[in-house]
Amino acid sequence: MKKIIIKTSWVINDTEKINKEIFKYIDIIQIPCNSLKEDNFNYIYWNNKAFIKYKIFLAFLEENKISEKLFFHTVILKYNYLDIPEI
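This write-up is about the structure you can find in this document.

Calculation rules
- Residues numbered from 1 in each chain as written.
- Predicted model: local features only at pLDDT ≥ 70, side-chain atom pairs only at ≥ 80, totals over all residues.
- Heavy atoms only, no water.
- Helix = DSSP H or I, 4+ residues; strand = E, 2+ residues; numbered from the N terminus.
- Buried < 20%, exposed > 50% of the residue type's maximum accessible area, 1.4 Å probe, protein only.
- Contact = heavy atoms within 4.5 Å.
- Areas by Shrake-Rupley, 256 points an atom, 1.4 Å probe, with all protein chains shown as cover.
- Lys, Arg positive; Asp, Glu negative; His and termini not counted.
- Charge placed at Lys NZ, Arg CZ, Asp CG, Glu CD.
- Axes fitted to C-alpha atoms, helices over the stretch in contact; angles between N-to-C directions.
- Parallel < 35°, antiparallel > 145°, perpendicular 65-115°, else oblique.
- Pairing = 2+ DSSP bridges.

Moving on, we get to the overall build of the chain. For the chain, the count of helices and strands is two helices and three strands. In sequence order, the chain lays out its α and β elements as β-β-α-α-β. The buried share of the chain, taken over its 87 residues, is 30%. When contacts within the chain are restricted to residue pairs at least 6 apart in sequence, long-range pairs at least 24 apart make up 62% of them. Counting every atom, the chain has about 6,300 Å² of accessible surface; 57% of that belongs to carbon and sulfur. Measuring between centres, the 13 positive side-chain charges of the chain sit 5 Å from its 11 negative side-chain charges.

This part covers the packing of helix 1 (residues 38-45) against helix 2 (residues 50-63). As a packed pair, helix 1 and helix 2 sit with axes 8 Å apart at the nearest point and diverge in direction by 100°. With respect to each other, helix 1 and helix 2 are oriented roughly perpendicular. Touching Glu38, Phe41, Asn42 and Tyr45 of helix 1 are Ala50, Phe51, Ile52 and Tyr54, all from helix 2.

Turning our eyes to something else, we now look at the pairing of strand 2 (residues 28-32). Burial within strand 2 is extensive, with four of its five residues counted as buried. Bridging between strand 1 (residues 5-7) and strand 2 involves three bridges; their strand directions are parallel. Bridged to Lys7 within strand 2 is Gln30. Here four bridges tie strand 2 to strand 3 (residues 70-73), and the two strands are oriented parallel to one another. Its bridge partner being in strand 3, Ile31 is matched across the sheet by Phe72.

To continue, consider the sheet that holds strand 2. Read from one edge of the open sheet, three strands run 1-2-3, paired in parallel fashion. The sheet is open, and its two borders are formed by strand 1 and strand 3, each paired with just one other strand. Across the sheet, the mean angle from the axis of one strand to that of its neighbour is 20°, orientation sign disregarded. Its contacts with the sheet put helix 2 on strand 2 and strand 3, and the angle it makes with strand 2 is roughly 160°.

Geometric descriptors of this kind do not, in isolation, establish any biological role.
Structural data, given as structure tokens:
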């Protein structure tokens, strides 16, 4: 049996359009956690609503009992290197 891993540098924006059945075929969902500070997170993604959308996506995974498949990855940038211990 093959392991299916979804790796994204962004999150799914429109959670209401997600077919939840697809998650039973996915073993791992890798998403970024490049900062826990909203201003830094938004700066890294050049979007002043990025952190809010990120939290909505995480809440969707939690509500649908998908969070056990979740793995975080991070990129160390000059904008977030002081945040790494918090992450």
